Amino acid sequence: SQQGEEDPQALSIQEGENATMNCSYKTSINNLQWYRQNSGRGLVHLILIRSNEREKHSGRLRVTLDTSKKSSSLLITASRAADTASYFCATRDFGNEKLTFGTGTRLTIIP
Amino acid sequence: DGGITQSPKYLFRKEGQNVTLSCEQNLNHDAMYWYRQDPGQGLRLIYYSQIVNDFQKGDIAEGYSVSREKKESFPLTVTSAQKNPTAFYLCASRTTVPTDIQYFGAGTRLSVL
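Everything numeric in this text was worked out from a predicted model, so none of it was measured.

Parameters at a glance
Residues numbered from 1 in each chain as written. Chains lettered and ligands numbered in written order. Predicted model: local features only at pLDDT ≥ 70, side-chain atom pairs only at ≥ 80, totals over all residues. Heavy atoms only, no water. Pairing = 2+ DSSP bridges. Helix = DSSP H or I, 4+ residues; strand = E, 2+ residues; numbered from the N terminus. Axes fitted to C-alpha atoms, helices over the stretch in contact; angles between N-to-C directions. Core = buried A, V, L, I, M, F, W, Y, C linked by side-chain atoms within 4.5 Å. Buried < 20%, exposed > 50% of the residue type's maximum accessible area, 1.4 Å probe, protein only. Phe/Tyr/Trp six-rings, centres within 6.5 Å; stacked < 30°, edge-to-face > 60°. Lys NZ or Arg CZ within 6 Å of the ring centre and 35° of its normal. Salt bridge = Lys/Arg side-chain N within 4 Å of Asp/Glu carboxyl O.

Engineer: Is there a simple way to explain the sheet that holds strand E8 (residues 76-78) of chain B in this structure?
Structural biologist: All names here are of chain B. Taken in spatial order, the 4 strands line up as E1-E3-E8-E7 in an open sheet, and their pairing is antiparallel. Two strands in the sheet have a free side with no partner beyond their single neighbour: strand E1 (4-7) and strand E7 (64-66). If you compare each strand with its neighbour and ignore which way they point, the axes differ by 20° on average. As paired strands, E1 and strand E3 (residues 19-25) are joined by 4 bridges and run antiparallel to one another. Note that in E3 the partner of Thr-5 across the bridge is Glu-24.

Take a look at the structure:
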């Protein structure tokens, strides 16, 4: 079953602008992860944030987690054409070996 | 796509035919996963395996079967019982400790003739 719901479903911005996408989930989680998928390819892990963390950075990526609202956001700063891809959040519940993926946000960077 | 190899890249199935998708990893990971992705959708878990000779059903296991005879290999068979097999299939692996990151193959696109 799909737990994560990304918002928006699609986003187009100019190169150099910041892109923000959101993820909501329903259960108590151990961690939340963000993955990128280029068209027709496999997923690539971007960043993991644990349930006891509120914010995490990796290069141009910033992830926040609000467990009280059961939501996370992914910010990509100074976007580049190469950032064009679909972005998925995935959650892992405590005591569960499975990741549950959201439906994804399709990001298009306009040169 | 890391050290996970999926083959073939494209596969066509005839009516009533079983087909097998290959997934091999050289990352020495314990756990392996199979996902199905339909157009514009997220990933749905078909089967997963945490150790050799053991596997569990995911959310949409009906019409699929797997085996895990070697740590490196986790093939997926799409049987004739799967009436709507057209999709993009992704294999992943992960270590159980200390990280919780899944590494994905490049995928197999299965179509019905």
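That covers the picture; the talk isn't over yet.
Engineer: Could you clarify how one ought to interpret the nonpolar core in this entry?
Structural biologist: Side chains of a nonpolar character, in soluble globular proteins, are inclined to be buried together. Among the nonpolar cores identified, the biggest contains 22 residues, and A:Leu32, A:Trp34, A:Leu74, A:Ile76, A:Tyr87 and A:Leu107 are the most heavily contacted of them. Membership of the second largest hydrophobic core comes to 20 residues, among which are B:Leu11, B:Cys23, B:Tyr47 and B:Phe74.

Engineer: Before we go on, may I ask you to explain the packing of aromatic side chains in this structure?
Structural biologist: For any two aromatic rings, the description comes down to two numbers: the centre-to-centre distance and the angle of the planes. Taken as a whole and judged by the stated rule, the model has 9 aromatic pairs over all chains. A network of ring pairs unites the aromatic residues A:Tyr35, A:Phe101, B:Tyr33, B:Tyr35, B:Tyr48 and B:Phe104 as a single cluster. Cation over ring: B:Arg68 sits above B:Phe74, and NZ or CZ is 6.0 Å from the ring centre.

Engineer: Mind showing me how you'd approach the pairing of E3(B) here?
Structural biologist: Residue and element names in this part refer to chain B. Burial along E3 is one-sided: Val-19, Leu-21, Cys-23 and Gln-25 are buried, and none of Thr-20, Ser-22 and Glu-24, which face the opposite way, are. The sheet contact formed by E3 and E8 spans 3 bridges and is antiparallel. Bridge pairing in E8 links Leu-21 to Leu-76.

Engineer: Please clarify how the pattern of salt bridges should be interpreted in this entry.
Structural biologist: Between side chains of opposite charge, pairing is possible as soon as their charged atoms come close. What the rule picks out here adds up to 10 salt bridges over all chains. A salt bridge links A:Arg60 to A:Asp83; its shortest N-O distance comes to 2.9 Å. Of the two residues, A:Arg60 is situated in the loop between strand E6 (55-58) and strand E7 (61-66) and A:Asp83 in the loop between strand E8 (71-76) and strand E9 (85-93); the sequence distance between them amounts to 23 residues. Between A:Arg92 and B:Asp100 there is a salt bridge, and its shortest N-O distance comes to 2.6 Å. Note that A:Arg92 is positioned in strand E9 and B:Asp100 in the loop between strand E9 (87-94) and strand E10 (103-104), a pairing that runs across two chains. On the accessibility criterion, A:Arg92 (14% relative accessible area) is buried. Within the structure, one salt-bridge network assembled from shared partners comprises A:Arg92, A:Glu97, B:Arg94 and B:Asp100.

So, to be careful, I would describe these as geometric facts and stop short of saying anything about function.
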